[in-house]
Amino acid sequence: MATVFRTPVFSPSASSISSVNSKNPNHVLFHFHHSSKPTFPSHYSTLRYSKTSISCSQSQDSIHSPRRRPPYIPNHIPDPHYVRIFDTTLRDGEQSPGASMTSKEKLDIARQLAKLGVDIIEAGFPAASKDDFEAVKMIAKEVGNAVDADGYVPVICGLSRCNEKDIRTAWEAVKYAKRPRIHTFIATSAIHMEYKLRKSKEQVIEIARNMVKFARNLGCEDVEFSPEDAGRSDREFLYQILGEVIKAGATTLNIPDTVGINMPSEFGQLIADIKANTPGIENVIISTHCQNDLGLSTANTIEGARAGARQLEVTINGIGERAGNASLEEVVMALRCGGEHVFGGLYTGINSRHIFLTSKMVEEYTGLYVQPHKALVGANAFAHESGIHQVCGL
């Protein structure tokens with residue numbers, strides 16, 4: 001097992017220099033023995049990697065024992081520091097060009113996501129095709145009923161547009177799960193409403209309100225609503241439509257940066273503004289869904305959590321449409337390694353020992369190979385050739 005310290009905060013003495021890189025004599029390799037360990041601030045985190053696991057350790061780990069996952073209530077989290085992880089690898093991730101999977105492969109990944117401990121598995125878009133419907137239904141029946149000794153079982157979610165056919169089809173697929181959820185969406189940005197929907201603000205609000213009510217009337221007690229392209233939507237309109245769907249029975253409000261255009265400070269402020277100005281917001285969970293078009297999806301997701309979001313939508317290896325989504329492994333390990341000093345005690349229920357194997361399974365099944373320098377799961381992420389910014393071999 002190797003421990004990697006990024007940007008060490010020490011000056012090496014001559015006795016700590018073990019060898020010099022023959023390819024570049026200016027790059028020194030450092031190997032420390034127990035007698036010459038560097039000293040790091042008490043809050044400094046280290047990443048550890050083995051053949052099958054990634055973990056984050058801090059000097060305070062032995063003091064702060066891991067917290068248990070709180071009981072699942074659709075619109076409320078008993079512990080305000082707990083952050084739900086919503087994995088959409090099987091839905092948004094599969095929308096990556098060339099990433100289609102068989103029903104059996106989707107079931108295998110869903111089983112692995114349950115081992116990983118994700119709170120919600122978005123298993124697919126049931127109305128998209130008969131095959132997708134059957135896959136979601138199969139996952140709901142099997143993975144959605146596999147309750148472990150601690151009472152954990154993932155929520156099984158199906159995506160739908162804001163129309164009765166989609167919502168009814170989603171419900172018919174997910175209703176077999178112990179904890180079923182319908183996730184419905186409609187666009188709210190001016191450009192989408194004008195050119196895609198060709199509807200007024202008032203019409204969009206009416207559709208959203210009625211379709212959330214329709215989902216609840218089918219018997220679904222866990223309904224997520226997304227204002228598509230929220231990152232470019234008018235703030236006052238967002239507060240209005242979100243307030244209406246809360247009254248209609250939505251339990252989670254997902255705020256998407258659909259085209260990946262927001263900066264971290266902008267997205268964090270968007271979440272903060274929604275939390276401060278939406279009527280009834282205290283009765284629902286705020287979620288994030290960040291696309292990676294500018295390479296900012298992980299940063300935006302983290303800023304959303306800092307601003308009050310308590311559900312984060314992610315995919316394994318960050319796969320998804322165009323440049324992909326926020327990466328589960330990056331978001332989870334950033335929260336874990338940030339610790340109390342950065343995130344004020346935010347934590348997830350993810351078992352990080354299963355991250356690496358889950359990553360490899362998704363890579364193999366989708367054919368979307370991880371770039372060597374991909375954070376945490378890339379082939380080079382914990383490799384060391386030269387440079388003074390890493391220390392390996394402790």
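Note that the coordinates shown come from a computational prediction; the quantities given were computed from them, not determined experimentally. (Residues numbered from 1 in each chain as written. Predicted model: local features only at pLDDT ≥ 70, side-chain atom pairs only at ≥ 80, totals over all residues. Heavy atoms only, no water.)

Trainee: How would you explain the packing of aromatic side chains if you had to name every residue and give the values?
Mentor: For the coordinates displayed, the defined rule picks out one aromatic pair. Note on Tyr82 and Tyr347: the rings are 5.2 Å apart at their centroids and 70° apart in plane angle, and the pair reads as edge-to-face. Of this pair, Tyr82 sits in the loop between strand 5 (54-58) and strand 6 (84-87) while Tyr347 sits in the loop between helix 9 (328-343) and helix 10 (355-366), placing them 265 residues apart in sequence. Here Tyr82 matches Tyr347 in class, with each residue buried. Between Lys141 and the ring centre of Tyr176, over which it is positioned, the NZ or CZ distance is 4.7 Å. (Phe/Tyr/Trp six-rings, centres within 6.5 Å; stacked < 30°, edge-to-face > 60°. Helix = DSSP H or I, 4+ residues; strand = E, 2+ residues; numbered from the N terminus. Buried < 20%, exposed > 50% of the residue type's maximum accessible area, 1.4 Å probe, protein only. Lys NZ or Arg CZ within 6 Å of the ring centre and 35° of its normal.)

Trainee: Describe the confidence of the model for the protein chain, naming the residues involved and giving the relevant values.
Mentor: Per-chain confidence: the protein chain averages 86 in pLDDT, with 81% of residues scoring 70 or above. Counting interchain partners and residues more than four positions distant, the pLDDT-below-50 stretch residues 59-65 has three contacts. (pLDDT = per-residue confidence, 0-100. Contact = heavy atoms within 4.5 Å.)

Trainee: Can you lay out a nonpolar patch on the surface for me, pointing to particular residues and giving the numbers?
Mentor: Together, Ile261, Met263 and Leu294 line one region of the surface with nonpolar side chains, adding up to about 260 Å² of accessible area. Structurally, the position occupied by Ile261 is in the loop between strand 11 (252-257) and helix 7 (264-277). A relative accessible area of 42% places Ile261 in the partly exposed class. (Patch = residues over 30% accessible without salt bridge, like charges linked within 9 Å, V, L, I, M, F, W, Y side chains within 5 Å. Areas by Shrake-Rupley, 256 points an atom, 1.4 Å probe, with all protein chains shown as cover. Salt bridge = Lys/Arg side-chain N within 4 Å of Asp/Glu carboxyl O.)

Trainee: Now, about the pairing of strand 10 (residues 223-228): what can you tell me, with residues and values included?
Mentor: Counting buried residues in strand 10 gives six out of six residues, a clear majority hidden from the surface. Note: strand 10 against strand 11, two bridges, orientation parallel. By the bridge assignment for strand 11, Phe225 is matched with Leu253. (Pairing = 2+ DSSP bridges.)

Trainee: Which residues make up the sheet that holds strand 9 (residues 180-187), and what are the values?
Mentor: Backbone hydrogen bonds hold the strands of a sheet together, and the pairing may be parallel or antiparallel. Strand order around the closed barrel formed by eight strands is 6-7-8-9-10-11-12-13, with parallel pairing between neighbours. Each strand of the sheet is rotated relative to its neighbour by a mean of 25°, with strand direction disregarded. Pairing between strand 9 and strand 10: six bridges, direction parallel. From the neighbouring strand, Ile186 faces strand 10, where its bridge partner is Pro227. Contacts from helix 4 (residues 190-197) reach strand 9 and strand 10, with the element oriented near 85° to strand 9. (Axes fitted to C-alpha atoms, helices over the stretch in contact; angles between N-to-C directions.)

Trainee: How would you sum up the environment of Ser100? Please name residues and give values.
Mentor: Along the chain, the position of Ser100 falls in the loop between strand 6 and helix 1 (103-116). You can call Ser100 exposed: its relative accessible area is 57%. Along the primary structure Ser100 and Leu90 are separated by 10 residues, whereas in three dimensions their C-alpha atoms are 9.2 Å apart. Those residues within four positions of Ser100 in sequence are excluded, and the remaining contacts are Glu94 and Tyr365.

Trainee: Describe the packing of helix 3 (residues 164-174) against helix 5 (residues 201-217), with residues and values.
Mentor: Close contact between helix 3 and helix 5 brings their axes to 10 Å; oriented N to C, the two are set at 30°. Taken together, the axis directions place helix 3 and helix 5 in an arrangement best described as roughly parallel. Seen from above, helix 3 lies across helix 5 with right-handed handedness. Contacts from Glu164, Ile167 and Arg168 in helix 3 reach Met211, Phe214 and Ala215 in helix 5. Of the residues that constitute the contact of helix 3 with helix 5, the class distribution is four nonpolar, no polar and two charged. (Parallel < 35°, antiparallel > 145°, perpendicular 65-115°, else oblique. Left-handed = near helix turned anticlockwise from the far one by under 90°. Nonpolar A, V, L, I, M, F, W, Y, C, P; charged D, E, K, R; others polar.)

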